[in-house]
Amino acid sequence: MPEVDREILLSFWKVHILHHANEAPVHGQWIVHELRRHGYDISPGTLYPLLGRLVRRGWLSCTRERGGGKRAQKDYRLTAKGKKVLQLIREQVAELYEEVVVEAAEEKQRKKL
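In short, a report on the structure. Small disclaimer: the values here were computed from a predicted structure and weren't measured.

Notes on the overall build of the protein
Secondary structure assignment for the protein yields 4 helices and 2 strands. For the protein, the N- to C-terminal ordering of α and β elements is α-α-α-β-β-α. Here the C-alpha atoms of the protein give a radius of gyration of 17 Å, more than 25% beyond the 13 Å that 2.2 N^0.38 yields for 113 residues. Expressed along its principal axes, the backbone C-alpha trace of the protein runs to roughly 65 × 30 × 20 Å. Residues counted as buried form 27% of the 113 residues belonging to the protein. In the protein, 50% of the contacts between residues at least 6 apart in sequence involve partners at least 24 apart. Accessible surface, the protein as shown: approximately 8200 Å² in total, 54% of it carbon and sulfur. Positive and negative charge centroids in the protein, built from 21 and 15 side chains respectively, lie 11 Å apart.

In structure tokens:
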């Protein structure tokens, strides 16, 4: 079900981007390499529209390298609104992890006994 996989992966990619943009400014090529390091195969043709959506939502700000022309490197930073979104995501991921991973492991362990 590739369309399902892609839809879920888009969410994971957004979380990674917001997380890293909170640590330091990031740019597209760096994000592509970072996501690939985590095993995600994302193309620039997928990434840049995704970054555009995050900017339009107000979660990231974007600045372009001065004097670089149309293809100048763009740096993306987390905004105050993005920080609130990231905090909410962290809380929800912690709860989800507890339910999906920890409780499932405990249930599996109980069944072994």
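A word on the environment of Arg64
As for its placement among the helices and strands, Arg64 is situated in strand 1 (residues 60–64). Through-space distance from the C-alpha of Arg64 to that of Tyr76 is 9.0 Å; in sequence the pair is 12 residues apart. Residues in contact with Arg64, not counting those within four places in the same chain, are Gly69, Lys70, Arg71, Ala72, Gln73 and Lys74.

Some details on the packing of aromatic side chains
According to the stated counting rule, one finds 1 aromatic pair in the structure shown. Ring centres 6.3 Å apart and planes at 80 degrees place the aromatic pair Trp13 and Tyr40 in the edge-to-face group. Here Trp13, found in helix 1 (residues 2–23), pairs with Tyr40, found in the loop between helix 2 (28–37) and helix 3 (44–56); they are 27 residues apart in sequence, far enough to count as distant. Comparing Trp13 with Tyr40 shows no difference in burial state: the two are buried.

Analysis parameters
Residues numbered from 1 in each chain as written. Predicted model: local features only at pLDDT ≥ 70, side-chain atom pairs only at ≥ 80, totals over all residues. Heavy atoms only, no water. Helix = DSSP H or I, 4+ residues; strand = E, 2+ residues; numbered from the N terminus. Rg over C-alpha atoms; globule rule 2.2 N^0.38 Å. Buried < 20%, exposed > 50% of the residue type's maximum accessible area, 1.4 Å probe, protein only. Contact = heavy atoms within 4.5 Å. Areas by Shrake-Rupley, 256 points an atom, 1.4 Å probe, with all protein chains shown as cover. Lys, Arg positive; Asp, Glu negative; His and termini not counted. Charge placed at Lys NZ, Arg CZ, Asp CG, Glu CD. Phe/Tyr/Trp six-rings, centres within 6.5 Å; stacked < 30°, edge-to-face > 60°.

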